[in-house]
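# Reading the structure
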Amino acid sequence: MRKNSSFLHLFLSFALLLGQAKPDPDPLQDYCIADKTPQYFYFNGAPCINPKLAVSSHFTTSVLSKPGNTKANPFGFNVTLTNAVNLPGMNTLGLSMARVDIDANGIVPLHTHPRASEVTICLKGRLLVGFVDTSDRVFTQQLNPGESFVFPKGLIHFLYNYDSKAPAVALSGLSSQNPGAQIVSLASFTSKPPIEIQILKKSFQNTDQDVARIRKNLGG
C-alpha cells in the first residue's frame, strides 16, 4: 500500500508540474521594453528600459511589410520574424509574428518550432500546409487567401506553394517570443560537426552515395 501511495504522489506531482509549464513566463508588469544596448550576461528575454521612457514606436514595426529574399536558400522561401530588436515592446509578452514569402513551387521544408504553437494565415497565393503528429498521422490542408491553419507546438510541419507561376505570402503568429526553428533536412545533413554517416544511413535507410549527394545539395 505504501508503494502504491508513493507512486500516486509522484504521479500527481509530475502532473502538477506539467500543468504549470508554459512556453514563456508571464510578465510581471504592463510591458518590458527591450533594452537594445549590448549585454554581457544572458537570460531569457531581454532586460527592460525604464517604463517611463516607453513611447508608441516601441510597440510598432514595419519589418513585416517588406518582402524577404527567397533566393538565399535552395528551398525558395524567406521568413521575417519580429523580435525584441525590431519590436522591443514585444519583449516578455510571450508571442511573435512572422512574414513568410515563398517562391512559385517553393517550400518551407519540414521543420519544427520547439517552443511554440503556430497559426498561419494565407495572405496571397495558394498554399498546401500540413503537420505530422506523434502517431505519424498527417494532416494537410489547401489554403486560399484569408484562410488559416494551426500547427501544434513542436510537431513537424511544412508550407508549400503549389502554384508554379506566382509567389505566395503568409503571416504566422507564434506563442513564444523565441519560438526557435529547426529544419529537419538541414539538422540531419548539414550539422556542425557532421553526424556520423552510419547514423544517417541507418536512420534514413540510404547509402554512402545518397548521404554525400544530399549533403552536397544542401550545402553541407
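For the structure itself, consult the block above.
Let me begin by describing the structure that accompanies this report. (Residues numbered from 1 in each chain as written. Predicted model: local features only at pLDDT ≥ 70, side-chain atom pairs only at ≥ 80, totals over all residues. Heavy atoms only, no water.)

### Overview of the pattern of salt bridges
All told, the structure shown has four salt bridges when counted by the stated rule. When the shortest N-O distance is used, the salt bridge between Arg99 and Asp101 registers 3.0 Å. The two residues Arg99 and Asp101 agree in class, both being buried. The shortest N-O distance in the salt bridge between Lys201 and Asp208 comes to 2.6 Å. (Salt bridge = Lys/Arg side-chain N within 4 Å of Asp/Glu carboxyl O. Buried < 20%, exposed > 50% of the residue type's maximum accessible area, 1.4 Å probe, protein only.)

### Quick notes on helix α4 (residues 208–218)
When we look at burial in α4, the residues that qualify are Val211, Arg215 and Leu218. On an axial view of α4, the arc spanned by its buried residues comes to 70°, and they lie on one face. Away from its buried face, by an angle of more than 90 degrees, α4 presents the exposed residues Gln209, Lys216 and Asn217. Tucked into the core, α4 has its buried residues touching α2 (184–189) and α3 (197–204). (Helix = DSSP H or I, 4+ residues; strand = E, 2+ residues; numbered from the N terminus. Arc of directions from axis to C-beta. Contact = heavy atoms within 4.5 Å.)

### Remarks on the sheet that holds strand β7 (residues 148–151)
Spatial ordering of the open sheet is given by β1-β2-β9-β4-β7, a layout of five strands whose pairing is antiparallel. Two strands close off the open sheet at either side, each with one partner strand: β1 (77–81) and β7. Adjacent strand axes in the sheet meet at a mean angle of 25°, parallel and antiparallel pairs treated alike. Across four bridges, the pairing between strand β4 (residues 118–124) and β7 is antiparallel. Bridged to Thr120 within β7 is Phe149. (Pairing = 2+ DSSP bridges. Axes fitted to C-alpha atoms, helices over the stretch in contact; angles between N-to-C directions.)

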